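# Structure at a glance
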Amino acid sequence: MSDLVSYTKDGDVAVITVNNPPVNALSPGVPEGIAAGIDKAQQDSGVKAVVLIGSGRTFIAGADINEFAKITSGEKKRDFGLLPILLKIENCPKPVVCAIHGTALGGGLETAMACHYRVAVPTAQVGQPEVKLGLIPGAAGTQRLPRLVGIAKAAELCASGELIGAEQAAKLGLIDKIITGDLLAGAVAFAREKIASGEPPRKTREISNRLGDPAANAAALAEIKKQVSQKARGMKSPLAAIEAVEAAAKLPFEEGCKKEAEFFLKCLFSDESKGMIQTFFGERIVAKIPGIPSDTPLIEIKTAAVVGAGTMGGGITMNYANAGIPVVLKEVNQQALDRGLATIRGNYEATMKKGRLTQQQVNERVALIRPTLDYNDLKDADIITEAVFENMALKKQVFAEIDNVAKPGALLASNTSTLNIDEIASATKRPEMVIGHHYFSPANVMKLLEIVRGAKTKKEVIATSMAVSKRLRKTGVLVGNCWGFVANRMFGPYMREAEFLVEEGAKPEDVDAALYEFGMAMGPLAVGDLAGIDVGWKVRNEAKDRFPADMRPHRLTDKLYALGRYGQKTGAGVYRYERGNRTPIPDPEVEKLIAESAREGNIKQRKIRKEEIVERTVYALINEGARILEEGYALRAVDIDIVYVYGFGFPAYRGGPMLYGDTVGLKKVYDRVCEFEKQHGFWWKPAPLLKKLAEEGKTFAQYDKERAGT
Ligand code: 3HC
Ligand code: NAI
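These numbers were taken from a predicted model, which means no experiment stands behind them.

## Looking at the site of ligand 2
Not every one of the 22 residues close to ligand 2 is listed here, only the nearest: Met312, Glu331, Glu390, Lys395 and Ser417. The backbone of Thr311 places a nitrogen or oxygen atom 2.9 Å from an oxygen atom of ligand 2. Interatomic distance of 2.6 Å between a side-chain N/O atom of Ser417 and an oxygen atom of ligand 2. Relative to its unbound accessible surface of 830 Å², ligand 2 loses 81% to contact with the protein. Of all the secondary-structure elements, those providing two or more residues to the shell around ligand 2 are helix H13 (311-322), helix H16 (392-405) and strand S15 (434-439).

Pasting the structure below:
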């Protein structure tokens, strides 16, 4: 046996243990090790049953995701080696019991289902999360799962990729027994029960009573397809997963496996899986910060405080309460405090109505929030986050107040979206403790936390901020202190192009539709109406150096701002809105404003293709991203991608704007940017890094690798 898989005996039960930390992935050698264990058990006449178990923190968490890129690059052959090994397990004449703790995911669950029986600890989770990598199960998961839980449930699990707990899995028939004590001892005892029963081992592939009748299946699958098309808009793998599951009901097992393999390969070689896999690893890469080792001491966070109970402060407060951390909430007056608290309660109640929280949970969370009007109440907080209006003088005043009361060693964070962290920090006597914690609206929902490092920020403060993001169930991305940081600095050119396209003849709804179809969560003009036309206008007017006088004016938004059309909050912006309804409605009044803007700017209106809309907006993101990367305000291209996927709803299946640039080809992007510069003006000047990579025929991913020395 290998180091990866060990073989021991407990009397008449052989124990095969997978030992491939950290998550017991099915890396090369693991499936072969399991097969060797099965062979050995089969040949040993003293062995009457087998237990398969994982060592360390989990059972098998799936195929080794690193291997997929080797297959798509041609380095490794298209390998379906796991399938015959799973058949070997299933064909073993002695009962094989799979013992699950941690997670049995993807190929891990497929291995478990090839065993004759499954037992699990109550905290175990199982699932086929391949669609979250743009894939489908590739080792008969779509064929064995329906035989255990039925076609509809299998389709739902494979298409959503959601994990389920052991108790639910047991109810569905996926787990045979929950083991509350020692897992291995429980599994061995269960195996002995099977030996004693004398019944032949139960082969999953031979179970057919749960496959249902075609008519009922068809109706259920149609409904799941409909839901998936909405939820995973633009993605192909969830639909492929459903079709593969459907094949289980229509075809014999072996034929079904062939069908699954066809779909699997198609998914594996798609840009969708490339993008989703990059997002999976990207989320983990951003947690690794050069110069800040993982053993950097952390500030212990037991209590928190938030200053400002507005839109963002309220959401940030909820994040802490949701994580079980007591939080003091400070406002300027009782009225603002009451309003903030009422919004928080309202949000919790809405979640409760959807069945996602119980009354008791709501009460517990609200009880963790201590409202105050007095800065002195912040004195015990380990972390204080400021979320007052976006105004430098006010932020400095608030930080000076915080500095007066905060205990030594407290982490001081600002939620500013554009202001200079160093200048804010200069209002305190401890700039090394100050950092940006830039949340995205709604702060209690959006997964991104942009963490802005100041010139003097201590390593401990950065490391603690990354740890806090994890505790708050966010993805923290460390960025540098430039105007707008990464997220908003890139957002500017994106929004600029959306507006300019409209002045050039594209209808607002066409611009939004093109980007929605591209996969963005919302079109840019609808986003502008949501965030506030006034907010964008103020930002632009306060950052004059970024918007030189000879730049093409933002005529349309200037007009909207002057008319008080601030977006959803005033019932009208680029679109108009019915009371209590967030659906954007095209407005003939705005058409007039657009025509006026075009006239004033001497802009000839023309018909604009969808492709140009996407190029103009998304290439603007890429060009600015390249500049940010070269200037060192993002650590890696992948950090920018994660910012956009989790902060702005950029489609994960495209990997983020930088990977999308790589997919299109940086030469093509660069050539178009050069054309746009000629057609429109200096604000389209290509970023030097984009030019360099395009000329060298390289990608942002290669740039990341070269800089990391990998
Ligand atoms: N392959 C390779 N590496 C993996 C991996 C996998 N399947 N799963 C996790 N890792 C790595 C992570 O990249 C991370 O590496 P790092 O320390 O260098 O950053 C390390 O293992 C630990 O992972 P996490 O930080 O994510 O640890 P958590 O404890 O937070 O989460 C987990 C554990 C729930 C297992 C989570 O890692 C996860 O969801 N993994 C992916 C599971 C998955 O998608 N499986 C399906 C794979 S596809 C498949 O099986 C195809 C099959 O049908 C043929
Ligand atoms: P808001 O206007 O909703 O809330 C600001 C709150 O701060 C108000 O309730 C106000 O009473 C309070 N406040 C003002 N001075 C105070 C003081 N001295 N002490 C305590 N409270 C005080 O503003 P919003 O939108 O929540 O923005 C707050 C910060 O978050 C800004 O810096 C903004 O740039 C940033 N931000 C906003 C986002 C958004 O989408 N709204 C997204 C990300 C960051």
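## Quick word on the layout of surface pockets
Where empty space is left in the structure can be found by rolling a water-sized probe over the atoms. Computed from the structure, the second largest pocket encloses a volume of approximately 1300 Å³. For the second largest pocket, the lining is made up of 40 residues, of which Gln278, Phe281, Ile285, Ala701 and Lys705 are closest to its centre. Elements with a minimum of two residues in the lining of the second largest pocket: helix H2 (66-72), helix H12 (271-285), helix H26 (637-648), helix H27 (657-664) and helix H30 (700-708). The greatest single-element share of the lining of the second largest pocket, amounting to 8 residues, is contributed by H12. Taken together, the residues that form the lining of the second largest pocket break down as 18 nonpolar, 11 polar and 11 charged.

## A short note on the environment of Gly655
Within the element layout of this structure, Gly655 appears in the loop between H26 and H27. Every residue in contact with Gly655, bar those within four places of it in the chain, is listed here: Gly275, Gln278, Thr279, Asp641 and Val645.

## Some thoughts on the packing of helix H19 (residues 487-503) against H26
Two elements in contact, H19 and H26, have axes whose closest approach is 10 Å; the angle formed by their N-to-C orientations is 75°. Regarding the angle of H19 to H26, the classification is roughly perpendicular. Judged by residue contacts, Ala487, Asn488, Met490 and Phe491 of H19 engage Ile640, Val643, Tyr644 and Phe648 from H26. Tallied by class, the residues present in the contact of H19 with H26 amount to 7 nonpolar, 1 polar and no charged.

## Some remarks on the nonpolar core
By size, the foremost hydrophobic cluster in this structure holds 96 residues, and its most contacted members are Leu378, Ile384, Ile402, Val511, Leu690 and Phe700. Ranked by residues supplied to this core, first place goes to helix H25 (residues 610-631) with 10 residues. Residue contacts for Phe700: discarding those within four places in its chain leaves Ile622, Ala626, Leu629, Ala637, Met658, Asp662, Leu666, Leu689, Leu690 and Leu693. Within the second largest apolar cluster, 90 residues are counted, among which are Leu148, Cys158, Ala169 and Phe190.

## Considering the packing of aromatic side chains
Under the criterion given, the structure shown has 14 aromatic pairs. Ring geometry for Phe518 and Phe650: centres 5.6 Å apart, planes at 75°, overall edge-to-face. Separated by 132 residues along the polypeptide, Phe518 in helix H20 (residues 508-518) and Phe650 in the loop between H26 and H27 bring together distant segments of the chain. Taking the relative accessible area as the measure of exposure, Phe518 reaches 5% and is therefore buried. The exposure class assigned to Phe650 is buried, which follows from its relative accessible area of 1%. Within the aromatic cluster, the residues linked to one another by ring pairs are Phe440, Phe491, Tyr494, Tyr644 and Phe648. The ring of Phe500 carries Arg552 above its face, with NZ or CZ at 3.9 Å from the centroid.

Reading guide: rules and limits
Residues numbered from 1 in each chain as written. Chains lettered and ligands numbered in written order. Predicted model: local features only at pLDDT ≥ 70, side-chain atom pairs only at ≥ 80, totals over all residues. Heavy atoms only, no water. Near = heavy atom within 4 Å. Polar contact = N/O pair within 3.5 Å; in protein donor to acceptor, adjacent residues only side chain to side chain. Areas by Shrake-Rupley, 256 points an atom, 1.4 Å probe, with all protein chains shown as cover. Helix = DSSP H or I, 4+ residues; strand = E, 2+ residues; numbered from the N terminus. 1 Å grid on protein atoms, 1.4 Å probe; cavity = no way out; pocket = protein on both sides within 12 Å on 5 of 7 lines; lining within 4 Å. Points joined across faces, edges and corners; volume = space filled by probe spheres on them. Nonpolar A, V, L, I, M, F, W, Y, C, P; charged D, E, K, R; others polar. Contact = heavy atoms within 4.5 Å. Axes fitted to C-alpha atoms, helices over the stretch in contact; angles between N-to-C directions. Parallel < 35°, antiparallel > 145°, perpendicular 65-115°, else oblique. Core = buried A, V, L, I, M, F, W, Y, C linked by side-chain atoms within 4.5 Å. Buried < 20%, exposed > 50% of the residue type's maximum accessible area, 1.4 Å probe, protein only. Phe/Tyr/Trp six-rings, centres within 6.5 Å; stacked < 30°, edge-to-face > 60°. Lys NZ or Arg CZ within 6 Å of the ring centre and 35° of its normal.

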